[in-house]
Amino acid sequence: MAAPKVAVVGAGVIGLSTALCITETCPSCSVTILSDQFSPNTTSDVAAGMLIPHTYPGTPIHVQKQWFKETFAYLFAISNSAEASEAGIHLVSGWQVFKNAPKEELPFWSDVVLGFRLMSEAELRKFPQHRFGQAFMTLKCDCPPYLLWLEKRLKATGAQMYTRKVADLWELHSKYNVVVNCAGIGAQQLVGDKELFPVRGQVLKVHAPWVKNFIRDGDGLTYIYPGIHRVTLGGTREKESWSLFPNPGTTKDIFDRCCSLEPSLRGAQDIKVKVGLRPSRRCVRLQREVLSQGGLKLPVVHNYGHGAGGFSMHRGTAKEAARLVGECIAALQGSLSRAKL
């Protein structure tokens, strides 16, 4: 068959990294990214981009760990390259603190991040309201730089990008051999996924260059993540809320919570408020499906539903999605050769 044509729907961190993995594993493919929004207007642009995994109750832990390991190794290599600054990727050390010791003192990812250890009594004195803590070094992706870097890499492979709202995957049947659904929260309408729901996140991006270490409350709600140019302060987890408008009361609450962990933030300047909708479900939907309509078939690969863990898992799930695309193409080529016989 001629060069297989693959359409990737969605241009957040999942869509772009999946498209890039497809170009790497199937160089003969022609890849097109279709999305109604590109950076800086995607949900991924709001995310803090910290590699600290969130657990998916519906996905086996060994699978989640593999996705995280692959993502960490990929970004660690970039952080050690001349492209680190352009890609917005850097190492950051810090603490995860708990008011009470968690059930698991060692999270499943503790041996993937660097230098994971329990905090000393002396360190814990910095956080008088907390009794237990973990110290480690991890990676952070700054957005939009990372998304723009992915776009640049894609363009270098010849991939095409078009601003287009896809309302139905069948629209793409006549032009593409395989469709990859990385539509994030948009998949709720696009494929009618009732298991997918938004978790609204409101964050502040502030100028506080003296803050060098990340601090994360173990409940995952309050966090301080220093980036290359700005510090992300969070946050909220509001299930089933679709509002993209910042809430001033929430802004004050986030700021106060973060200042209780790091009082020096009272001097932060130039506070910008961002809101995004995390595409959440019990497990990431990562699977092949063949849609049928009137005797026609459309091979689809789904890769969405990463919730708050998109950056921590993006490269691992993108590699798996690219492998599934390869299976779809092999099946198409097999059916073509059988037809010729």
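Refer to the preceding data block for the structure.
Every value quoted in this text rests on a predicted model; they were computed, and no experiment measured them. (Residues numbered from 1 in each chain as written. Predicted model: local features only at pLDDT ≥ 70, side-chain atom pairs only at ≥ 80, totals over all residues. Heavy atoms only, no water.)

Asks: I'm lost on the pattern of salt bridges in this one. Help?
Replies: Opposite charge on two side chains permits pairing when their charged atoms draw close. Scanning all chains against the criterion turns up 22 salt bridges. Among the ionic pairs, glutamate 262 bridges to lysine 126, the shortest N-O distance being 2.9 Å. On the criterion of sequence distance, the pair formed by glutamate 262 in the loop between α8 (248-261) and β13 (269-280) and lysine 126 in the loop between α5 (121-124) and β5 (132-141) is long-range, its members being 136 residues apart. By relative accessible area, which is 13% here, glutamate 262 ends up buried. Among the residues examined, lysine 126 registers a relative accessible area of 36% and is labelled partly exposed. In this structure, glutamate 327 and arginine 288 form a salt bridge, with 2.9 Å as the shortest nitrogen-oxygen distance. Of this pair, glutamate 327 sits in helix α9 (residues 310-340) while arginine 288 sits in strand β14 (residues 285-293); the two residues are 39 residues apart in sequence, bridging distant segments of the chain. The network of salt bridges with common partners includes Arg288, Glu320, Arg323 and Glu327. (Salt bridge = Lys/Arg side-chain N within 4 Å of Asp/Glu carboxyl O. Helix = DSSP H or I, 4+ residues; strand = E, 2+ residues; numbered from the N terminus. Buried < 20%, exposed > 50% of the residue type's maximum accessible area, 1.4 Å probe, protein only.)

Asks: Would you mind going over α8 with me for this structure?
Replies: Residues lying three or four places apart along an α-helix face the same way, a consequence of the helix completing one turn every 3.6 residues. In this model, α8 (14 residues) spans 20 Å end to end at C-alpha, consistent with the 20 Å of a helix rising 1.5 Å per residue. Within α8 the residues assigned to the buried category are Thr250, Thr251, Ile254, Phe255, Arg257, Cys258, Cys259 and Leu261. Contacts made by the buried residues of α8 are with β3 (89-98), β8 (197-207), β9 (214-217), β10 (223-226), β11 (231-234) and β13. (Expected span 1.5 Å × (residues − 1). Contact = heavy atoms within 4.5 Å.)

Asks: Looking at this structure, how should I read the packing of helix α3 (residues 61-79) against helix α6 (residues 145-156)?
Replies: For any two helices packed against each other, one specifies the crossing angle of their axes together with the interaxial distance. Their axes nearest at 14 Å, the elements α3 and α6 cross at an angle of 90°. When the interaxial angle is binned, α3 and α6 end up roughly perpendicular. Contact residues: Tyr74, Leu75 and Ile78 in α3; Tyr146, Trp149 and Arg153 in α6. Classifying every residue of the contact of α3 with α6 gives 5 nonpolar, no polar and 1 charged. (Axes fitted to C-alpha atoms, helices over the stretch in contact; angles between N-to-C directions. Parallel < 35°, antiparallel > 145°, perpendicular 65-115°, else oblique. Nonpolar A, V, L, I, M, F, W, Y, C, P; charged D, E, K, R; others polar.)

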